[in-house]
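# Close look at the chain arrangement
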Amino acid sequence: MASTPEVSGFASRLATSKDSVRPTLISDRVYELLRQAIVEGDLAPNDRVVESEIARRLGVSQAPVREAVKQLAREGLLVHVPRRGNFVVEISTQDAEYARQVREPLERLAATMAAESITAEQLGELGELVAEMREAVEVNDVGRFRDVDIAFHTRVVQIAGNPFLTRMWEVLEPNLRALRAIADPLFEGDWRAMADEHGRLVTLLRDGDVATAADAFADHAAGRSPVPDRRTRRKPAGSVT
């Protein structure tokens, strides 16, 4: 039976974290530990995550590890391969950029059309989704935030009222989710500010300034959000963003 890859940084992290796991809700602590290992590269793309091995190293049962793994899979950081196990997802940076390039004009068009015709009821729906984002932040539920974030942009596309645009979005959205080109679970910025940014987008739609709303949605879709991501400051010189 295959075992967890011998990644010294991750093994060391498990060893030094063994005692700190116990005082808190175990599944939450294991989740934070695994997520941090993925974010920082101790667990690399395609590394296998073996629940029994992690539980043994931490000195806990497999149940909380299983819950943590399920949450990470829901966020798109792990993928379950039948009869093989759970693996860290490998994302092509170039593919993600290609997806954002297609997403940007679609969101620009959706915002343009939505700003011209959005109703008070529809604005209320978007406002409720922003409130759900804020609630997800309060309980540190990245998976829920991600689901609501995607639902927000899907609803704007629907509000635009163009059935062909909606169909194009329905084809693109699963790829955006898989490539983390929308609602990136590895975002290392202020999640509250990101929720507020969606609130700002709703305000722009409410104001009816079509050009400003279109530009804001396009910037958001392309990753030019005013909410900074700490990862961009850690990229080596010359890297492509």
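Counting starts from 1 at the beginning of each chain's written sequence and moves along it residue by residue. With pLDDT at 70 or above as the cut-off, local features in this predicted model cover only qualifying residues; side-chain atom pairs require 80 or more to be listed or tallied, and sums for whole chains, interfaces and linings still use all residues. With hydrogens and water stripped out, all remaining heavy atoms of the structure feed into the side-chain values.

Our next topic: the overall build of the protein. Here a strand is any run of E in DSSP of at least two residues, a helix any run of H or I of at least four, and the numbering for each starts at the N terminus. When helices and strands are counted, the protein shows 10 helices and three strands. Going residue by residue from the N terminus, the α and β elements of the protein occur as α-α-β-α-α-β-β-α-α-α-α-α-α. Contacts in the protein between residues at least 24 apart in sequence constitute 74% of all its contacts with a sequence separation of at least 6. As displayed, the protein offers around 12,200 Å² of accessible surface, 52% of which is attributable to carbon and sulfur atoms. Residue contacts are defined here by distance: any two heavy atoms, one from each residue, within 4.5 Å place the two residues in contact. All accessible areas in this document rest on Shrake-Rupley with a 1.4 Å probe, and a residue is counted as covered only by the protein chains that are shown.

Definitions used throughout: a 1 Å grid over protein atoms alone; a cavity as a set of points that fits a 1.4 Å probe which cannot get out; a pocket as an open set with protein on both sides within 12 Å along at least five of seven lines; a lining residue as one with an atom within 4 Å of a point. Grid points are joined across faces, edges and corners, and a volume is the space filled by probe spheres set on the points. If you add up the space inside the second largest pocket, you get close to 210 Å³. It is helix α2 (residues 26–40) that contributes the most residues to the lining of the second largest pocket, four residues altogether. Its residues assigned to classes, the lining of the second largest pocket comprises four nonpolar, three polar and four charged. Think of it as three bins: nonpolar holds Ala, Val, Leu, Ile, Met, Phe, Trp, Tyr, Cys and Pro, charged holds Asp, Glu, Lys and Arg, and polar takes everything else, Gly as well.

Another point: the nonpolar core. Only buried residues count toward a nonpolar core, which is a set of Ala, Val, Leu, Ile, Met, Phe, Trp, Tyr and Cys residues joined through side-chain atoms within 4.5 Å. Exposure is judged per residue with a 1.4 Å probe applied to protein chains only, and the accessible area is read against the type maximum: over 50% gives exposed, under 20% gives buried, and values in between give partly exposed. Counting residues in each nonpolar core, the largest one holds 65 residues, and the members touching the most others are Leu34, Leu43, Leu126, Phe145, Phe152, Val156 and Leu205. Tallying contributions element by element places helix α7 (residues 142–160) first for this core, with nine residues. Setting aside residues no more than four positions away along its own chain, Phe152 makes contact with Leu126, Leu129, Val130, Met133, His198, Leu201, Val202 and Phe217.

This part is about the packing of aromatic side chains. When the centres of two rings from Phe, Tyr and Trp lie within 6.5 Å, Trp using its six-membered ring, the rings pair. Their planes under 30 degrees apart give stacked, over 60 give edge-to-face, and anything left gives tilted. Per the counting criterion, the structure on display carries two aromatic pairs. Centre to centre, the rings of Phe145 and Trp191 are 4.9 Å apart; their planes meet at 80°, and the pair counts as edge-to-face. Highlighted residues: Phe145 in helix α7 and Trp191 in helix α9 (residues 191–207), separated in sequence by 46 residues. Among the residues examined, Phe145 registers a relative accessible area of 2% and is labelled buried. Where Phe187 meets Trp191, the ring centres are 5.2 Å apart and the plane angle is 90°; that geometry is what we call edge-to-face. Put simply, the rings of Phe145, Phe187 and Trp191 pair up and form one aromatic cluster. When the NZ atom of lysine or the CZ atom of arginine is within 6 Å of a ring's centre and also within 35 degrees of its normal, the charge is said to sit over that ring. The ring of Phe164 carries the charged tip of Arg167 above its face, separated from the ring centre by 5.0 Å.

Here we take up the pairing of strand β2 (residues 78–81). Bridge count between β2 and strand β3 (residues 85–88): four bridges; the pairing is antiparallel. The residue bridging His80 from the neighbouring strand is Asn86, located in β3. Strands pair, by our definition, only if DSSP identifies at least two bridges between them. Linking two consecutive strands that pair antiparallel, namely β2 and β3, is a turn of three residues; a positive phi of about 65° is found at Arg83 within it.

Further remarks concern the side chain of Glu75. In this structure, Glu75 sits in the loop between α4 (62–74) and β2. If sequence neighbours within four positions are ignored, Glu75 has contacts with Tyr31, Arg35, Val142, Gly143, Arg146 and Pro185.

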